[in-house]
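# Summary of the model geometry
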Amino acid sequence: MLTLQFFVTGLLTGGIYALVAVSIVLIYKATRIFNFAVGELLALGGYFCFSLVVWAGLPLWISLPGALILAVGVGALVERLVLRPLLSQPLLTIIMATLALSVLLKGIMLMVWTGYDVGFPKDLLPGKTLLVGMIAMSHELLWAFGIALVAFVGLAYFFIKTKTGLKMRAVSENHELSMSCGVNIVAIFAVTWILATILGTLSGFLMGYRLCLAPSYTPLLALKAFPAVIFGGLESIPGALIGGLSVGVIESLVGGLVDPTMGEVSAYILLLLVLIVRPEGLFGLKRIERV
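Let me begin by describing the structure that accompanies this report. Note that the structure is a prediction, hence the values are computed from the model and not measured. (Residues numbered from 1 in each chain as written. Predicted model: local features only at pLDDT ≥ 70, side-chain atom pairs only at ≥ 80, totals over all residues. Heavy atoms only, no water.)

Each helix and strand in the chain was counted, giving 12 helices and two strands. Secondary structure of the chain in N-to-C order comes out as α-α-α-α-β-β-α-α-α-α-α-α-α-α. The C-alpha radius of gyration of the chain comes to 19 Å, within 12% of the 19 Å expected for a compact globule of 291 residues. Seen through its C-alpha atoms, the chain measures out along the principal axes to roughly 55 × 45 × 35 Å. In the chain, which comprises 291 residues, the proportion classed as buried is 51%. Partitioning the intrachain contacts of the chain with sequence separation of at least 6 by distance along the chain shows that 75% fall at a separation of at least 24. By element, 72% of the accessible surface of the chain is carried by carbon and sulfur atoms, the whole surface being about 14,200 Å². (Helix = DSSP H or I, 4+ residues; strand = E, 2+ residues; numbered from the N terminus. Rg over C-alpha atoms; globule rule 2.2 N^0.38 Å. Buried < 20%, exposed > 50% of the residue type's maximum accessible area, 1.4 Å probe, protein only. Contact = heavy atoms within 4.5 Å. Areas by Shrake-Rupley, 256 points an atom, 1.4 Å probe, with all protein chains shown as cover.)

Put into structure tokens, the structure is as follows:
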């Protein structure tokens, strides 16, 4: 029964990791850029929502959409000012730019919100711990999993039913062919960064509500999405979803049944094993280049 409890808790927690993993995969699929600033963008979105809730005293149904609107602006600015000027530069240059962006965002958060831990009011989301038999599910994890599920459904609808979503899928497959068909790939890159920042803001709010927000601590939580991305496959959104859930379950089971310290590093052990056995991930594509 204890094993089942840890499994359910890990599954619910994995929904947050999956959100972060999908945001990483979105950017990589469209631009071939591995975004190392994902943790800071996530924390910044969480701080936006915190400021609207605590500082401005607004209800959550206004604060969360407001934070998402601010995230749209941040995503557009990052793409326009940081990434677009570097499109013709070597990949390493762009990666270093995302690392520099992460340091810049962390500095901004330290100046505005200081380095102290801050948290949302615990009664922000209604509900209480749900008991199903002997399995307890906290209301914040149920809300987190539910919000993540709605986000995934909305994302799937966007990719399947909208013209912009179809263009994003085309760009993720082949840049040159998409351009020859009249697709403005620069605009698609901007939309991709905006979507990824929106998902990061949702994740930041959910992590901040469950634990706390801190410029030094919260971005580190987002790093657990990297093993999820590698596990599922760098180019697979369903793989990112499954990878995030898997990382949550493994972390919870190892931390609860073996040792809490081992639970914290279990995701990275999984990352090493996947890189050794199947570097492209479970659902990734093994690309063969002919010379």
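Okay, back to it.
Attention shifts here to a nonpolar patch on the surface. Taken together, the side chains of Leu2, Leu257, Val258, Met262, Val265, Ile269 and Leu273 present a nonpolar region at the surface, about 620 Å² in accessible area. The greatest single-element share of the nonpolar patch, amounting to four residues, is contributed by helix α12 (residues 260-277). Within the fold, methionine 262 resides in helix α12. For methionine 262, a relative accessible area of 36% puts it in the partly exposed group. (Patch = residues over 30% accessible without salt bridge, like charges linked within 9 Å, V, L, I, M, F, W, Y side chains within 5 Å. Salt bridge = Lys/Arg side-chain N within 4 Å of Asp/Glu carboxyl O.)

For the rest of this paragraph, the subject is the pattern of salt bridges. Evaluation of the coordinates by the stated rule reveals four salt bridges. In this structure, the salt-bridge partner of lysine 224 is glutamate 251, at a minimum N-O distance of 2.4 Å. Taken together, the residues span a long stretch of sequence, with lysine 224 in the loop between α9 (218-222) and α10 (225-232) and glutamate 251 in helix α11 (residues 237-257) at a distance of 27 residues. Judged by relative accessible area, which is 5%, lysine 224 ranks as buried. Among the salt bridges present, the one from glutamate 264 reaches lysine 224, with a minimum N-O distance of 3.1 Å.

Here the focus is the packing of aromatic side chains. This model, assessed by the stated rule, comprises 12 aromatic pairs. Ring geometry for tyrosine 28 against phenylalanine 34: centres 6.4 Å apart, planes inclined by 75°, an arrangement best described as edge-to-face. Each member of the pair, tyrosine 28 as well as phenylalanine 34, is classed as buried. Judged by centre distance (5.3 Å) and plane angle (85°), the ring pair of phenylalanine 120 and phenylalanine 205 falls under edge-to-face. (Phe/Tyr/Trp six-rings, centres within 6.5 Å; stacked < 30°, edge-to-face > 60°.)

On to the environment of proline 215. With respect to the secondary-structure elements, proline 215 resides in the loop between α8 (185-210) and α9. Residue proline 215 is classed as buried on the basis of its relative accessible area, which comes to 1%. Spatially, the C-alpha atom of proline 215 lies 9.3 Å from that of isoleucine 108, the residues being 107 residues apart in sequence. Residues within four places of proline 215 in sequence aside, it is in contact with Tyr47, Lys106, Met109, Leu110, Thr114 and Gly115.

Before going further, it helps to examine the nonpolar core. Grouped together as the largest cluster of nonpolar side chains are 82 residues, with contacts concentrated most on Phe120 and Phe205. In terms of residues, this core owes the most to one element, helix α1 (residues 2-31), which gives 13 residues. Not counting chain neighbours up to four residues away, the residues in contact with phenylalanine 120 comprise Gly46, Cys49, Phe50, Val53, Phe205, Gly208, Tyr209 and Leu213. (Core = buried A, V, L, I, M, F, W, Y, C linked by side-chain atoms within 4.5 Å.)

Let's shift gears to the packing of helix α2 (residues 38-55) against helix α3 (residues 60-83). One way to put it is that α2 packs onto α3 with a least axis distance of 8 Å and a crossing angle of 145°. Crossing handedness for the pair α2 and α3: right-handed. Across from Leu41, Leu44, Gly45, Phe48, Cys49, Leu52 and Val53 in α2, the residues of α3 making contact are Leu60, Ser63, Leu64, Gly66, Ala67, Leu70, Ala71, Val74 and Val78. Of the residues contributing to the contact of α2 with α3, the split by class is 13 nonpolar, three polar and no charged. (Axes fitted to C-alpha atoms, helices over the stretch in contact; angles between N-to-C directions. Left-handed = near helix turned anticlockwise from the far one by under 90°. Nonpolar A, V, L, I, M, F, W, Y, C, P; charged D, E, K, R; others polar.)

What follows covers the state of the cysteines. Using the criterion set out here, one finds zero disulfides in the structure. There is no disulfide at cysteine 212, and the cysteine sulfur nearest it, in cysteine 49, is 15 Å away. You can call cysteine 212 buried: its relative accessible area is 15%. (Disulfide = S-S within 2.5 Å.)

What follows is about the side chain of threonine 192. Residue position: threonine 192 is located in helix α8. At 2.8 Å, the side chain of threonine 192 forms a polar contact with the backbone oxygen of isoleucine 188. If we skip the residues at most four places from it in the chain, threonine 192 touches Leu26, Ile27, Ala30 and Met168. (Polar contact = N/O pair within 3.5 Å; in protein donor to acceptor, adjacent residues only side chain to side chain.)

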